[in-house]
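# Analysis of the macromolecular model
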Amino acid sequence: MDLTLTAEEQAFRDELRAWIEANHPGPKPDSDEAAFEFRRAWQRTVFDAGWAGVAWPQEYGGRGATLVEQAIYGEEMVRARAPALANGLGLAMGGPVVIAHGTEEQKQRYLGPILSAEEIWCQGFSEPQSGSDLASLRTKAVRDGDEWVVTGQKVWTTLAHEAKWCMLVARTDPDAPKHKGLTYFLMDMKQPGVQVRPLVQITGEAEFNELFIEEARIPNDNIVGGEGNGWAVAITTLAHERAGLALALQMELKQLLTAVIERAREQPYNGSTAAADEIIRDRLAQLYIETEVLRLNAYRGLTAQMKYGVPGPEGSLGKWHWAEINQALTELATEIEGPAAMARDGRWTYEFLRARANSIEGGTTEILKNIVAERILGLPRMR
Amino acid sequence: MDLTLTAEEQAFRDELRAWIEANHPGPKPDSDEAAFEFRRAWQRTVFDAGWAGVAWPQEYGGRGATLVEQAIYGEEMVRARAPALANGLGLAMGGPVVIAHGTEEQKQRYLGPILSAEEIWCQGFSEPQSGSDLASLRTKAVRDGDEWVVTGQKVWTTLAHEAKWCMLVARTDPDAPKHKGLTYFLMDMKQPGVQVRPLVQITGEAEFNELFIEEARIPNDNIVGGEGNGWAVAITTLAHERAGLALALQMELKQLLTAVIERAREQPYNGSTAAADEIIRDRLAQLYIETEVLRLNAYRGLTAQMKYGVPGPEGSLGKWHWAEINQALTELATEIEGPAAMARDGRWTYEFLRARANSIEGGTTEILKNIVAERILGLPRMR
Amino acid sequence: MNFDLNDDQRAIKQTAREFLTRRYPLEEVRRLALEEERGFTDDQWRELSELGWPGLAVPEADGGQGLGTVELVVVAEELGYAVAPSPLHSTTSAALLLAAAGTDSQRERALAPLAAGERIGTVAVWDDPPGRSPSEAMLAPADDDTLTGRKVLVPDAGAAEIIVVVGAGGRLWLIEKGDRVEVTPTPGLDPTRKLYALELDGAPADELRGGNGQTVTRAHAQIATALAAESVGIAQRAMEMAVSYAKDREQFDRPIGAYQAVSHRCAQMLLEVEGARSAVLHAAWALDHDPESAPLAAAMAKAYASDCGFRVTASSLQVHGGIGFTWEHDLHFLLKRAKANAHAAGDARFHRERVAELIGL
Amino acid sequence: MNFDLNDDQRAIKQTAREFLTRRYPLEEVRRLALEEERGFTDDQWRELSELGWPGLAVPEADGGQGLGTVELVVVAEELGYAVAPSPLHSTTSAALLLAAAGTDSQRERALAPLAAGERIGTVAVWDDPPGRSPSEAMLAPADDDTLTGRKVLVPDAGAAEIIVVVGAGGRLWLIEKGDRVEVTPTPGLDPTRKLYALELDGAPADELRGGNGQTVTRAHAQIATALAAESVGIAQRAMEMAVSYAKDREQFDRPIGAYQAVSHRCAQMLLEVEGARSAVLHAAWALDHDPESAPLAAAMAKAYASDCGFRVTASSLQVHGGIGFTWEHDLHFLLKRAKANAHAAGDARFHRERVAELIGL
């Protein structure tokens, strides 16, 4: 066991840290649209310097770094409060899926523009009737010569209005069993058959969109992983999402925690500060511990993944654990605020509301517990 | 709405309170056996004064009191720290079941000796393989002329070694569906076919017993509610158990809570007392509130039961809620004790261990939640 | 002993439910919350006044209905159930404090019009910045009996003409909206109850001197209990929505309510909602009939209902999954009201501290 | 970076598991707990000593193996997993404090025999009555360097010949069992680790003056971390028992592990066990390689593992239902050890307070 960085890892970190310091673009603009263009420009800068897709193979424009280096990359970016890259889903899911299941032509065609943020990606999995039960999706694709004609509705689609490509799972064989008749497509979003409608959340923001697909057309060449093989490819996508997520989420959580601790140090509370209050102090300490445990579990998972090629059991717990901590932390933050939390202008009321989705988005806590019970502990399926 | 006692109820309370004060037998002896005889004598005293079976019909030796008066009876007994009556199960379950389902001969035969504690009752429902799933029980009874021959094993039988009668549910028709082939018997415990073995718990005590039944014989006349009707009669027994339980349990809980509060006031803690510590204070206040809520729910249930003949939804929640509070309270008590909780001689280590069974005995919390979800909220059965 | 509403109380409940269902369907709640500046229309207020609700618990001598706190919480629970945006709670709060501490002339001048629904009232509790607890207000009058300072998070102050201001040591002043009082809207977490900041710049302040510590404490307890009752109604509604969704929504070929992860969650909601209701009814009854136990009962009710309101609405959101997180679904109005109520009139921790004191911890 | 045991550490773990499985089946644990006065036999102690465990983390110069805290927690977790009754943790604790603060002569006299397993040791922390936290000890020596007073809840003091006594201000004294020390057994919650009261009546006390605040703090952190590791092993075992029972036990015609009420409970156990294991490994590594972060890491590990140990064993009992509540089932040994461990060496709250201090709250 050795929790220090190797000489190579340290060199990687130092080089990256210096680069970020020299190239940090400053705070992002306020308006949503400007902010997105700002993040796109930032990704271009990162890409030009060779830091995009750190762990992707070098032949496809990546840096060929190790998983630990990739984690260092994430830590450093969050540490420096650098803007998020514009093409998050392309980098975290789209690229890895094309690398794992795509043809050589697809790799050549798609990977470069993902890295440079020239083409933004979005994900078309969930449907109004298919939330946790993804395999029940109804969007259908019908073959028409060299093309497929797609009709249906997707939901919770981040960045749909900016995206060029949508990772779309649709039913190509209505007669096959639920999991069998699905196919994984890359759908061009810039076509008349695709309508994007923003989906406003309880925070008042619209992070997500609904996608109304009416006879959109997709060339047969845009299938990833072969016709009827959509379930397996989708599962790969989700695995990549969750593996990367555990690390990324704990980093953001740590920043939020630090902000709450700072807030508690300042907030007057029963004649002293909130940080001095025994109850708040004890709960904050516990959340600090939980956040550390989340981080340590994520790194243990990383080691297991590097050693055995697959993420260890620790990785699968991360998303669920993160949601629990983040919800508890934002609740505590509103309690520290006290009556002022009734006003909407503070940060914490927003964070509190936003956190309500944590145990739903990217796999509900209930589904994640099922997965842990069935796949790790080997308990019988609830059928 | 009127939460004051009526004039009749007050008179009942005052008379009872005065009677208890005049007749309280003092603290119970230490040894288990002596303690039981002491409680049997106390019940005899209570019975002779006409206070046993307060809410039973007067024609069977009861007092014909209302449910509120019965609750007052319980409150007063706990308040005065009077010993528990010896024949608890006979009074809470056996009598009510005979009253509800028994023949007139059975009522004449069994009810009097229950009230006087001349004959102690025990319950033979659970089996090693049938815990929550009572209908899966395997103890079988085979007809032999005017008698039934019973073989099987029962578990969690309180007072089996003192009992004359066992409320025994056995399978009389092995070919009928699970719930149909059961019959409810009153089995004479004093016969060679019945062996009682104490079942020691994690506290080191033996509150319960195992029953090994080997060709025990029961006259056909001892069936309650008719052959094959055992499931319905057993359900009545359990309903009586839980209805009475909610009230009785909250009274005991209140006493325990008071003791923990007293302890917290005395226990030195970080330079002051545990009661002054913000965290312990907050948790104790919360447990006080929960205990009050349990009590209020129980009384609301009582009103509903008097008004509509059946216990309201509030009643079914009591057992589960009680278990939760009692476990939290005894855990907190050990935290107040601090390192001294590592020693076994204190009261709180015992209470802490004993409370572990609260969410299991008399219906697991999981089963109670199922019942609430299915029968009160009308959610679909998990099948 | 009878722990149930009597026939009159039942009739009030039924009337309220029917009226509110008709007048405040969720589309209308949404419209009021998002489009009406004050959160209600004059017609709506007139209707509520005709029902006698603003003066429900005000003595008949002061032009009210002279009913008790039990009747008050019956209506409050229904208002919560409907998430009806309305200045009723604010007006009732001002009226209760005036009834508790107003002099004869103050009652005549301010309480009677409130009770009749002729004017709208509110109570300004929180200084800027607000302390932890409603008893930390520090505002004090100048020598010429005027108030200068800032109050924040004052509900319905945009519509209110009569404002009871809470100051240092729990002193109360009656002020009327005029040119020495500037009112600015504050964007609130809960869009169904509008909040404002008050800038007092030498506002003439008429101290309420007609009561005593006990009557004022009782009025505050009534206000907290009414708010707790609202939260019970909110939680009841959120639970019903969750149960109904759990019966309808299918995943993996069965209704999600058939999974224990969902059904046990719903059972937990019932436990908390019924518990909060019992606590609120008990507190209301004690406030009317058992002054000795009332402060403790009210503190318990507000503490328990604050937690219940937030937990049940949040839990209902989890049952709903993604759809519950959308603006177009109505659940968030319940969640936000419950969370705001939890903070108003002292949060759960504040009231648990009261409980600790009162039980001698 | 490699957050996994290396090959040597893996070998130690495997040896420990195999040895303990062979020598401490649960029947033997039960026999030792209930029938052996000291909780172990001389043969068993000799075997453990031959494995080098008493001196595992003691410097080679002092006759130990010179291994690190990581190796120590690897063995401790396995001892927890086996619930093996043994004076090993007590002896290790005394040895760690002697290694941290003993003078050369004290090391030679006391540490070397402990490391070799020739003598058994323990640490006396708690005064009578014990305070909240292990740092509240008030015992102080008389002018003639003797100690008079009472220490309670001292583990394995019946067998120990070398006792390190913690006193006021964290001062440490070495005493040897003799006629000025009376040892009385205390019935303990956890029958797998015997507790005693010590009556010191002018016992000659030899203060440990060879270290400094830092070395002593580190030794205490090692002791707490080793105890946390034990709790991880206990929780792991309780979880495995629950999972296995949930697969076998059928109710309503299916294994109870098919119900989410049970399966999600088991998933929660895994979350906590893996989390506690990560925290313990991290703390152990920091104690060996990163002195700056070690105190925080150790406090986090003990806090988290204390809660985890109790919660997971209690949760496992719930999965087992009635049978888990019986004396004849082995689960209660795990529950009781976990609960006792949670209180020993500072409970979760104490260590959270340490965390709060160290992160600057």
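Treat the numbers as computed from the prediction; the structure is a model and nothing was measured.

Reading the values: rules and limits
Residues numbered from 1 in each chain as written. Chains lettered and ligands numbered in written order. Predicted model: local features only at pLDDT ≥ 70, side-chain atom pairs only at ≥ 80, totals over all residues. Heavy atoms only, no water. Helix = DSSP H or I, 4+ residues; strand = E, 2+ residues; numbered from the N terminus. Rg over C-alpha atoms; globule rule 2.2 N^0.38 Å. Buried < 20%, exposed > 50% of the residue type's maximum accessible area, 1.4 Å probe, protein only. Pairing = 2+ DSSP bridges. Contact = heavy atoms within 4.5 Å. Buried area = accessible area lost by both parts, 1.4 Å probe. Salt bridge = Lys/Arg side-chain N within 4 Å of Asp/Glu carboxyl O. Polar contact = N/O pair within 3.5 Å; in protein donor to acceptor, adjacent residues only side chain to side chain. Nonpolar A, V, L, I, M, F, W, Y, C, P; charged D, E, K, R; others polar. Axes fitted to C-alpha atoms, helices over the stretch in contact; angles between N-to-C directions. Expected span 1.5 Å × (residues − 1). Phe/Tyr/Trp six-rings, centres within 6.5 Å; stacked < 30°, edge-to-face > 60°. Core = buried A, V, L, I, M, F, W, Y, C linked by side-chain atoms within 4.5 Å.

The next subject is the overall build of chain A. Summing up its helical and strand segments, chain A has 10 helices and 10 strands in all. Relative to the globule expectation of 21 Å for 383 residues, the C-alpha radius of gyration of chain A, 22 Å, shows essentially globular dimensions. In terms of its C-alpha atoms, chain A occupies a principal-axis envelope of roughly 75 × 50 × 45 Å. Counting over 383 residues, chain A shows a buried share of 55%.

Moving on, we get to the sheet that holds strand β7 (residues 195–204) of chain C. All names here are of chain C. Taken in spatial order, the 4 strands of this open sheet run β2-β3-β7-β6, and their pairing is antiparallel. Each edge of the sheet is formed by a strand with only one pairing partner; in this case those strands are β2 (126–127) and β6 (181–186). Pairing analysis gives 8 bridges linking strand β3 (residues 146–155) to β7, with the strands arranged antiparallel. From the neighbouring strand, leucine 147 faces β7, where its bridge partner is alanine 203.

Between chain D and chain C, the residue contacts involve 4 residues of the former and 4 residues of the latter. When chain D packs against chain C, the two sides together hide about 300 Å² of surface, and 50% of this comes from carbon and sulfur. Area buried by chain D at its contact with chain C is led by Tyr259, Gln260 and Ala261 of chain D, which between them contribute 88% of it. For the pair chain D and chain C, the number of links is 0 salt bridges. Where chain D meets chain C, there are 3 residue pairs in polar contact (both at pLDDT 80 or more). Residues of the side of chain D that touches chain C, tallied by class, amount to 2 nonpolar, 2 polar and no charged.

This part covers the sheet that holds strand β4 (residues 162–166) of chain C. All names here are of chain C. Across the sheet, which stays open at both edges, the 4 strands sit in the order β1-β4-β5-β8 with mixed pairing between neighbours. Single-partner strands in this sheet number two, and they are β1 (121–124) and β8 (206–207). In the sheet, strand β5 (residues 172–176) pairs with β8 via 2 bridges, with the strands oriented antiparallel. Residue pairing in the sheet places tryptophan 173 in a bridge with glutamate 207 of β8. This element, helix α5 (residues 88–101), spans β1, β4 and β5 of the sheet and lies at about 75° to β1.

Moving on: helix α9 (residues 294–320) of chain D. Turn by turn, an α-helix covers 3.6 residues, leaving residues three or four places apart pointing in a common direction. Residues and elements named next belong to chain D. With 27 residues, α9 should reach 39 Å at 1.5 Å per residue; the first-to-last C-alpha distance of 38 Å fits that figure. The element α9 is largely enclosed, with a buried count of 24 among its 27 residues. Among the residues trailing α9, glycine 321 stands out with phi positive, at a value near 65°.

Taken as a whole and judged by the stated rule, the model has 21 aromatic pairs over all chains. A ring pair is formed by phenylalanine 125 of chain A and tyrosine 184 of chain A, whose centres lie 6.0 Å apart and whose planes are at 85°; its orientation type is edge-to-face. With phenylalanine 125 of chain A in the loop between β1 (121–124) and β2 (140–144) and tyrosine 184 of chain A in strand β5 (residues 182–188), this pair connects stretches of sequence that are 59 residues apart. For the pair shown, phenylalanine 125 of chain A and tyrosine 184 of chain A are each scored as buried. Ring centres of phenylalanine 352 of chain A and phenylalanine 310 of chain C lie 5.5 Å apart, and the angle between their planes is 45°; on these two criteria the pair is classed as tilted. Here the residue phenylalanine 352 of chain A occupies a position in helix α9 (residues 347–355), and phenylalanine 310 of chain C occupies one in helix α9 (residues 294–320), the pair thus bridging two chains. The two residues phenylalanine 352 of chain A and phenylalanine 310 of chain C agree in class, both being buried.

Right, let's talk about the side chain of glutamine 260 of chain D for a bit. Along the chain, glutamine 260 of chain D falls in helix α8 (residues 260–289). For glutamine 260 of chain D, a relative accessible area of 5% gives the class buried. Dropping the residues within four chain positions of it, glutamine 260 of chain D is found in contact with Asn370 and Met382 of chain A, Tyr259, Gln260 and Ala261 of chain C together with Arg265 of chain D.

Our focus in this paragraph is the pattern of salt bridges. Applying the stated criterion across every chain yields a total of 118 salt bridges over all chains. Between glutamate 36 of chain D and arginine 31 of chain D there is a salt bridge, with the nearest N and O atoms lying 3.3 Å from each other. For glutamate 36 of chain D, a relative accessible area of 22% puts it in the partly exposed group. Among the ionic pairs, glutamate 176 of chain D bridges to arginine 119 of chain D, the shortest N-O distance being 3.2 Å. Placement of glutamate 176 of chain D in strand β5 (residues 172–176) and of arginine 119 of chain D in the loop between α6 (104–115) and β1 (121–124) is noted, with a sequence separation of 57 residues between them. One network of salt bridges, with partners in common, ties together Arg300 of chain A together with Lys13, Arg17, Glu77, Glu78, Glu274 and Arg277 of chain D.

With that out of the way, let us pick up the nonpolar core. Burial of nonpolar side chains together is a common tendency in soluble globular proteins. Counting residues in hydrophobic clusters, the biggest one holds 451 residues, and the most contacted among them are Tyr184 and Leu284 of chain A together with Tyr184 and Leu284 of chain B. For this core, the element with the most residues is helix α7 (residues 213–248) of chain C, which contributes 18 residues. Leaving out residues up to four positions away in the same chain, leucine 284 of chain A has contacts with Leu257, Val260, Ile261, Ala264, Leu329, Leu332 and Ile336 of chain A together with Leu361 of chain D.

Turning our eyes to something else, we now look at the interface of chain D and chain A. How big an interface is tends to be stated in terms of accessible area lost as the parts join. With 48 residues of chain D at the contact, the number on the chain A side is 48 residues. Summing both sides of the interface, chain D and chain A together bury roughly 4500 Å²; the carbon and sulfur share of this comes to 64%. Among the residues of chain D in contact with chain A, Met1, Phe3 and Leu361 of chain D are the three that bury the most area, contributing 20% of the side total. Linking chain D with chain A are 5 salt bridges. Here arginine 349 of chain D and glutamate 278 of chain A are joined by a salt bridge, their closest N and O atoms 3.4 Å apart. The tally of links between chain D and chain A comes to 21 residue pairs in polar contact (both at pLDDT 80 or more). Elements with a contribution of two residues or more to the side of chain D that touches chain A: α1 (7–23), α7 (213–248), β10 (254–255), α8, α9 and α11 (348–358) of chain D. By residue number, the principal contributor to the side of chain D that touches chain A is α8 of chain D, which donates 16 residues. By residue class, the composition of the side of chain D that touches chain A is 25 nonpolar, 12 polar and 11 charged.

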